[in-house]
Amino acid sequence: MFIVTLTYIRPVEEIDAHMEAHVAWLRRHYDSSLFVASGRQVPRVGGVILARSGDRAALEAVLAEDPFAQHKLARIDIVEFAPSMTAPGAEALKSI
């Protein structure tokens, strides 16, 4: 599993101009079951995506297609981890 953080490097007005395309990109990867969860950071300085991919290079290729990456609006960082404990109801995350 991967935790992906996006940190905005451009003004939020530029981010908002590409938000619709970014959300469409997210939906495609939810439909493919690659993404597990996503949302804005608080305060709004970027976003976070949980991804289920055993292939970092494939994930990096998908992330490069994000409009925020293509327009150089955000820095993208990736942390890989293997969930070994979960809260009740989230046990499925351990097998991702």
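Residues numbered from 1 in each chain as written. Predicted model: local features only at pLDDT ≥ 70, side-chain atom pairs only at ≥ 80, totals over all residues. Heavy atoms only, no water.

Concerning helix α3 (residues 56-64)
Since the α-helix advances by 3.6 residues per turn, residues separated by three or four positions end up pointing in the same direction.
Then comes step 1: All of the buried residues in α3 are L59, V62 and L63. For α3, the arc enclosing every buried residue in end-on projection is 100°, short of the 170-degree limit, so these residues lie on one face. (Buried < 20%, exposed > 50% of the residue type's maximum accessible area, 1.4 Å probe, protein only. Helix = DSSP H or I, 4+ residues; strand = E, 2+ residues; numbered from the N terminus. Arc of directions from axis to C-beta.)

Comments concerning the pattern of salt bridges
Then comes step 1: Throughout the structure, instances matching the rule amount to four salt bridges.
Then comes step 2: For D16, the salt bridge goes to R44, with nearest N and O atoms at 2.5 Å. A residue pair is termed long-range when its members are at least 10 positions apart, and D16 in helix α1 (residues 12-17) and R44 in the loop between β2 (35-40) and β3 (46-51) qualify at 28 residues.
Then comes step 3: Where D77 meets R75, a salt bridge forms, and the shortest distance between an N and an O atom there is 2.9 Å. (Salt bridge = Lys/Arg side-chain N within 4 Å of Asp/Glu carboxyl O.)

A look at the packing of aromatic side chains
Then comes step 1: The full count for this structure, using the stated rule, is three aromatic pairs.
Then comes step 2: Look at Y8 and F68: their rings are 6.1 Å apart centre to centre, the planes differ by 85°, and that puts the pair in the edge-to-face class. Within this pair, whereas Y8 is found in strand β1 (residues 2-8), its partner F68 is found in helix α4 (residues 67-70), the two being separated by 60 residues in sequence. F68 matches Y8 in its accessibility class, with the two residues each being buried.
Then comes step 3: Relative to F35, the ring of Y30 lies with its centre 6.0 Å away and its plane at 85°, an arrangement referred to as edge-to-face.
Then comes step 4: By relative accessible area, Y30 is classed as partly exposed at 31%. (Phe/Tyr/Trp six-rings, centres within 6.5 Å; stacked < 30°, edge-to-face > 60°.)

Concerning unusual backbone geometry
The general pattern is negative phi for most residues beyond glycine and trans for most peptide bonds.
Then comes step 1: In this model, V42 is joined to P43 through a cis peptide bond whose omega is 0°.
Then comes step 2: In this structure, P43 sits in the loop between β2 and β3.
Then comes step 3: Not every positive phi belongs to a glycine, and S33 is a case in point at roughly 70°.
Then comes step 4: Among the secondary structure elements, S33 is positioned in the loop between α2 (19-31) and β2.
Then comes step 5: Residue S33 is classed as partly exposed on the basis of its relative accessible area, which comes to 40%.
Then comes step 6: A positive phi angle is found at K72, which is not glycine, with a value near 55°.

A few points about the sheet that holds β2
Then comes step 1: Strands sit in the order β2-β3-β1-β4 across an open sheet of four strands; the sheet is antiparallel. Both edges of this open sheet fall to β2 and β4 (74-80), since each of them pairs with a single strand only. Neighbour to neighbour, the strand axes of the sheet diverge by 15° on average, direction disregarded.
Then comes step 2: The pairing of β2 with β3 spans five bridges and is classified as antiparallel. Its bridge partner lying in β3, R40 is registered against G47. (Pairing = 2+ DSSP bridges. Axes fitted to C-alpha atoms, helices over the stretch in contact; angles between N-to-C directions.)

What about a nonpolar patch on the surface?
Then comes step 1: Residues I3, V48, V79 and F81 make up a contiguous nonpolar surface patch of about 270 Å² in total accessible area.
Then comes step 2: Of note, V79 is situated in strand β4. (Patch = residues over 30% accessible without salt bridge, like charges linked within 9 Å, V, L, I, M, F, W, Y side chains within 5 Å. Areas by Shrake-Rupley, 256 points an atom, 1.4 Å probe, with all protein chains shown as cover.)

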